[in-house]
Amino acid sequence: MSNLNVDFSKCGIEKNEYLKHFEVVEDVHIELIEKSKDSNEFVGWLDLPSKYFNSTEYKKIKECANKIQSDSDILLVIGIGGSYLGARAVIEALHSSVYSADKSKTKIIYVGNNLSPEYVNDVVQALGGKDFSINVISKSGTTTEPAIAFRIFRELLENKYGLNEARERIYVTTDGEKGALKHLAKTEKYQTFVIPDNVGGRFSVLTPVGLLPIAASGIDIDEIMKGAIASEKKYSDKSLENNECYQYAVIRNLLYEDGKSIEMLETFEPKVHFFIEWWKQLFGESEGKDGKGLFPAGAEFTTDLHSLGQYIQEGQRLMFETMLNFEEPNSDVTIGMDEDDLDKLNYLAGKQLSYVNKKAMEGTIKAHVDGGVPNILINVKQLTAETIGELIYFFEKACAMSAELLEVNPFNQPGVEKYKTNMFELLEKPGYKK
């Protein structure tokens, strides 16, 4: 039985309407399979879970993760965008919400994802008296934010441990053949992992990019890969009628054509905050081109019902909602009886907090749908490593299908380079003219 199913009954698109698109979906499906055979195309993620699981490098990830856990209180993960968001999404979803207070686990701290001196100094302070290692993740090694962070924290590491031990504490995830970081790693004899040429950053969470920090944090990556492999198999069916992943891709495009310009990925489980951030990058960078694409946004309820709820309910009809529903809680709380009942909550006495949260979700969906906001409900049995693996693959494949239906290239991001050019000109970088 699958851990994941999708309910389209409240999206406003009838089954016969989206099934009309079966031929173009089959064409894209075949095209993706053909592209996955070409190492020059960015479709290596398509069969990566089943191919990578139990590979030599996969085993090396687990070995290095064990070493990091044995000798480091903190692992600094240096990367930006797809080089860190996927790992952070999984780690923060699966660890305790007070993970930072758990002294038995290696703490993951993320740097190189911004240029704030205050943030960098806060990280330096957090490292005081702690043993730490570095996992620097960059295809080229010259992306500004992570390159600056690596320069700063590599020096700190070398000053603390000396050159020889520092080399044993630096793990480089980069291109297999070329680039500044690859050259440095070879020169310094750092432990290296390869970012596959045919897997783009936002699709790379199931490569060493995501798996090494996830494993170092103490999460069982075998379970993640097990879920991803299950999704790979489940969503390999080219039939639109049988493939909920493709149905989601088609329906979101039909809603876009119907005037919905924003998709809100929402949840009543705040632990998946960074999963939503990863999803936003996945779809935003893949589809936001040529003046096209849904704007990916997110919300966490019930918190955001007290900020965005009013607009969603009665604002412009610009959006539809995709709700992540985790059906079974990993733990629960029983609401007690209060003799005075000043807060008037005794009618809930004896009930589980998960029950109240579920009714809040059901009430929210009904209110928004009644108010003209279409809803797609993704039901996940439980928030576990296995189901996170399933969700990652589900969204990766849906994203590729959706972008192809939109007739944009899902695997490039030309707009990201424009801010860099302006920044380099302002910084007077050699080779860039004002």
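Values in this document were obtained by computation on a predicted structure and should not be read as measured data. (Residues numbered from 1 in each chain as written. Predicted model: local features only at pLDDT ≥ 70, side-chain atom pairs only at ≥ 80, totals over all residues. Heavy atoms only, no water.)

1. Things to note about a nonpolar patch on the surface
1) Next: A contiguous nonpolar surface patch, about 250 Å² in accessible area, is contributed by L115, I148 and I152.
2) Next: Positionally, I148 belongs in helix α7 (residues 144-168).
3) Next: Given the relative accessible area of 42%, I148 is considered partly exposed. (Patch = residues over 30% accessible without salt bridge, like charges linked within 9 Å, V, L, I, M, F, W, Y side chains within 5 Å. Areas by Shrake-Rupley, 256 points an atom, 1.4 Å probe, with all protein chains shown as cover. Salt bridge = Lys/Arg side-chain N within 4 Å of Asp/Glu carboxyl O. Helix = DSSP H or I, 4+ residues; strand = E, 2+ residues; numbered from the N terminus. Buried < 20%, exposed > 50% of the residue type's maximum accessible area, 1.4 Å probe, protein only.)

2. Focus: the packing of helix α4 (residues 56-71) against helix α9 (residues 208-216)
1) Next: Their axes nearest at 8 Å, the elements α4 and α9 cross at an angle of 35°. In this structure, the crossing between α4 and α9 has a hand that is right-handed. Contact with α4, carried on its side by E57, Y58, I61, C64, A65, I68 and Q69, involves P208, L211, L212, A215 and A216 of α9 and no other residues of that element.
2) Next: A class-by-class count of the residues in the contact of α4 with α9 yields ten nonpolar, one polar and one charged. (Axes fitted to C-alpha atoms, helices over the stretch in contact; angles between N-to-C directions. Left-handed = near helix turned anticlockwise from the far one by under 90°. Contact = heavy atoms within 4.5 Å. Nonpolar A, V, L, I, M, F, W, Y, C, P; charged D, E, K, R; others polar.)

3. Points about the sheet that holds strand β7 (residues 262-267)
1) Next: Strand order in the open sheet formed by five strands is β1-β10-β9-β7-β8, with mixed pairing between adjacent strands. Two strands lie at the open edges of the sheet, namely β1 (4-7) and β8 (295-300), each paired on one side alone. In this sheet, neighbouring strand axes are inclined to one another by 20° on average, regardless of whether the strands run parallel or antiparallel.
2) Next: Summarising the sheet, β7 and strand β9 (residues 319-328) pair through six bridges and their orientation is parallel. The residue bridging E266 from the neighbouring strand is M323, located in β9. (Pairing = 2+ DSSP bridges.)

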